[in-house]
Amino acid sequence: MPRAPAPLYACLLGLCALVPSLPGLNICTSGSATSCEECLLIHPKCAWCFKEDFGSLRSVTSRCDLEANLVKNGCGGEFESPASSTRVLRSLPLSSKGSSPTSSDVIQMTPQQVALSLRPGDKTTFQLQVRQVEDYPVDLYYLMDLSLSMKDDLDSIRNLGTKLAEEMRKLTSNFRLGFGSFVDKNISPFSYTAPRYQTNPCIGYKLFPNCVPSFGFRHLLPLTDRVDSFNEEVRKQRVSRNRDAPEGGFDAILQAAVCKDYPSLALLGEKLAENNINLIFAVTKSHYMLYKNFTALIPGTTVEILHGDSKNIIQLIINAYNSIRSKVELSVWDQPEDLNLFFTATCQDGMSYPGQRKCEGLKIGDTASFAVSAEARSCPGKQAEHTFTLRPVGFRDSLEVGVTYSCRCGCSTGLEPDSARCSGNGTYVCGLCDCNPSYLGTRCECQEGESQSGYQNLCREAEGKPLCSGRGECSCNQCSCFESEFGKIYGAFCQCDNFSCARNRGVLCSGHGECHCGECKCHAGYIGDNCNCSTDISTCLAKDGQICSDRGHCVCGQCQCTEPGAFGETCEKCPTCPDACSTKRDCVECLLLHVGDPADNQTCQNLCKDEVITWVDTIVKDDQEAALCFYKTAKDCVMMFAYTELPSGRANLTVLREPECGTAPNATTILLAVVGSILLIGIALLAIWKLLVTIHDRREFAKFQSERSRARYEMASNPLYRKPISTHTVDFTFNKFNKPYNGTVD
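Below is a short write-up of the structure. (Residues numbered from 1 in each chain as written. Predicted model: local features only at pLDDT ≥ 70, side-chain atom pairs only at ≥ 80, totals over all residues. Heavy atoms only, no water.)

**Some points on the sheet that holds strand S2 (residues 64–66)**
Within a sheet, neighbouring strands are paired by backbone hydrogen bonds and run either parallel or antiparallel to one another. Threshold: Here, strands pair whenever DSSP counts at least two bridges between them. Helix numbering and strand numbering both begin at the N terminus, where a helix is a DSSP run of H or I of at least 4 residues and a strand a DSSP run of E of at least 2.
A sheet is described by the order of its strands in space; here three strands give the open sequence S2-S1-S3, paired in antiparallel fashion. Since the sheet does not close on itself, it has two edges, and those belong to S2 and strand S3 (79–80), each with one partner. Bridge analysis of strand S1 (residues 46–49) against S3 gives two bridges, and the strand direction is antiparallel. Looking at the pairing, Trp48 lines up with Glu80 of S3.

Take a look at the structure:
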């Protein structure tokens, strides 16, 4: 197999993060950083050497490079390369059971406080766990619609508190009930506002002529564990009447939660989450889908179907409670704008789900784990510290995450103004001189306008080369490069630019790289002289997960088939290739040959090392992805097996315990069958001949009868008989004795 280019192997081995270290892909040196802080922002693998005598006068050695390169070039350990890190500041263990009505000492989430130090582009990861503890306190605030349409429901829940408390105490010993009611805003057009409706809005309504005045929201009973108080308050209630169908439920929910009015769905969801409130909508079937759509806008919301008379309200609440307690979902509060968060959930099945921050199907006492990776996109402009919060929806517990940014180099704190290292004409910082105005040179040793004749040779890349490569002016032994309309000219001798690189279809470096000194520095995921070759192998993966179906190589994101006869986008088609049935047959034959001890046979172990064997009595083709194979054995039997490719790369072989063999044919039976067939055919032919002869004779006889009936003679005479004597009359003239005569001759 031909060896792939090094950059391609780097990506195939999952080392694409090390792309800057590969030849031609060093983004650290191509970034032209002029300070330590600029270097740190180029790439998280870049480091800055602050050693004073790093490099040499006549060679260009970048202080911004990979750590390994800096050490190799003589920097030693004098470099800056901070990495992102995580520190757990507070981590109390998870509780196993609720222990107090206030739940203040119950821990359902750990850790509780974490500090992150982030370098832009460098991820750091921390773990957190959430547990639904047993016997956790539950507060239920029952907010009821008391519009006229709910009259029969009000009658059904007169003793709701007692029954509900009995059921809920099976789930928790700490249970409290509260009660509130609502109708609608007491203004037009929501309610009847005419003077005659002020005390009784049901006047003139024949079905129910008396009701209480309309109201928006009433808080009737604070949270209490006294069930009789709840029942008593419910019995006192009377329905009212409003004008339009949608009652003011959202207004009442927000007022019950935070004493605010006129909500939007966003405000409602925010306030409920802030106060750890799970909302249960108990609605009739006709309104179910409407409120189901609200769950996407209000986190922690559950919708259940309420019967017309509210008789299923207790079971509804129990179902909703179990639904809420069966899932854990993380929410993020006050996330900084320049921060990316990545979640991976590990749920009860032990599987990891990247990109997911929710686990469902949990039981009381189960623990859900989450890996959270944080990455800073850039350095903040002003505020260098931020804080955000992670909180499970509906939980009191939360994780406070403090973020600081590693955007300043430690060497920058040791500034030396007017340093002797800079000829007294600049500030020494991180190994470089920052010259004062009008001073030039690596040590600020020159001043603008001085005679430069003695330094011109230092502006030549090599002996005989033009000053500053003919693209700049020599000033104080340094080249000042000309400006160009095509791009930037740079380098110690103006020998480099960012526009004289290979192009693909007129695009510099194919648009997938940066031009640096005549060479394309490709972005991650691309290689080649003009960066036109992608290292992404996802386009080369066949349906079985193999690269180019294991019949070729992935070059520049496309399969080049090497197996004779193979073709297709992923070399998946190959009529002349040995199929999997043939390749797996050796394993099956070995297993049949050593059916007594296949596990102890080294040959079978080698042939079947990548197969998972399952023995069956009958093969049922119920898997659409399984291939059914069969072959003829030496004893003229048929051996069948089926195989499927597993994600792990192994194959699952389902093999018959015994080949299917037919019985030997009986010679006597075959002989009798042949003789019988010949006799039957002969009899059939004779019968056909007899039938044809009979049909022919009947036709001839019928023809004779027809001709006979057409005859005009008598039956007694013979039409063929003629008399022996016949008479003939002749007319002539006879001249005898010269006498004419006409008559007979005697």
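That was the structure; now back to the text.
**What about the side chain of Thr302?**
Here is the rule we go by: Throughout, a contact is declared for two residues whenever any of their heavy atoms are within 4.5 Å.
In this structure, Thr302 sits in strand S12 (residues 301–305). Once residues lying within four places of it in the same chain are set aside, the contact partners of Thr302 are Leu279, Ile280, Phe281, Ala320, Ser323 and Ile324.

**Details of the nonpolar core**
This is how it is decided: By nonpolar core we mean a set of buried residues, namely Ala, Val, Leu, Ile, Met, Phe, Trp, Tyr and Cys, connected to one another through side-chain atoms within 4.5 Å. Burial classification: accessible surface area is computed with a 1.4 Å probe over protein chains only, and a residue below 20% of its type maximum counts as buried, one above 50% as exposed, and the rest as partly exposed.
Core analysis: the biggest nonpolar cluster contains 31 residues, and Tyr142, Leu160, Leu164, Phe175, Phe230 and Ile313 have the highest contact counts within it. Elements with a contribution of two residues or more to this core: strand S8 (138–145), helix H6 (160–168), strand S9 (175–182), helix H7 (227–236) and helix H11 (313–325). In terms of residues, this core owes the most to one element, H11, which gives six residues. Sequence-distant contacts of Phe230, defined by excluding residues within four places in its chain, comprise Tyr142, Leu160, Gly161, Leu177, Gly178, Phe179 and Leu221. Judged by nonpolar contacts, the second largest core, of 29 residues, contains Val114, Val328, Phe343 and Val401.

**Thoughts on unusual backbone geometry**
Cis peptide bonds are those with omega within 30 degrees of zero, and the linkage from Thr110 to Pro111 qualifies with 0°. Of note, Pro111 is situated in the loop between strand S5 (109–110) and strand S6 (113–118). Non-glycine residue Asp418 carries a positive phi angle of around 50°. Assignment of secondary structure puts Asp418 in the loop between strand S19 (399–405) and strand S20 (426–429). Notably, Asp550 is not glycine yet its phi reads approximately 60°, a positive angle. Here Asp550 shows up in the loop between strand S33 (533–534) and strand S34 (552–555).

**Side note on the packing of aromatic side chains**
As a reminder, the rule being used: Working definition: a ring pair exists when centres of Phe, Tyr or Trp rings (six-membered ring for Trp) sit within 6.5 Å. Plane angles under 30 degrees give stacked, over 60 give edge-to-face, the rest tilted. For a Lys NZ or an Arg CZ to count as sitting over a ring, it must be within 6 Å of the ring centre and within 35 degrees of the ring normal.
Summed over all chains, the structure comprises eight aromatic pairs. Seen in terms of ring centroids, Phe250 and Phe294 are 5.3 Å apart; in terms of plane orientation they differ by 75°. Their pairing is edge-to-face. In this pair, Phe250 sits in helix H8 (residues 249–258) while Phe294 sits in helix H10 (residues 288–294), placing the two residues 44 residues apart along the sequence. On the accessibility criterion, Phe294 (14% relative accessible area) is buried. Within the aromatic cluster, the residues linked to one another by ring pairs are Phe250, Phe281, Tyr291 and Phe294. Seen from the ring of Phe342, Lys123 lies directly overhead, with NZ or CZ sitting 4.0 Å from the centre.

**Brief notes about the state of the cysteines**
Defined as follows: Cysteine sulfur pairs qualify as disulfides if the two atoms are within 2.5 Å.
Throughout the structure, instances matching the rule amount to 20 disulfides. In this model Cys36 forms its disulfide with Cys409; the gap between the sulfur atoms is 1.9 Å. A torsion of -90° about the S-S bond marks the disulfide between Cys36 and Cys409 as left-handed. With a gap of 373 residues between them, Cys36 in helix H3 (residues 36–42) and Cys409 in the loop between S19 and S20 connect regions that are remote in the sequence. A residue is classified by how much of its surface remains accessible, and Cys36, at 2% relative accessible area, is buried. Its relative accessible area of 2% is what places Cys409 among the buried residues. Each sulfur in the disulfide pair Cys435 and Cys444 lies 2.1 Å from the other. One disulfide, between Cys435 and Cys444, carries an S-S torsion of -100° and so falls in the left-handed class.

**Regarding the sheet that holds S19**
Judged by pairing direction, the sheet is mixed, and its six strands sit side by side in the order S4-S6-S19-S18-S13-S16 without closing on themselves. One side of each edge strand has no neighbouring strand; the edge strands of this open sheet are strand S4 (85–90) and strand S16 (358–359). Relative to S19, strand S18 (residues 385–392) is paired through six bridges, and the arrangement is antiparallel. Bridge pairing in S19 links Thr387 to Gly402.

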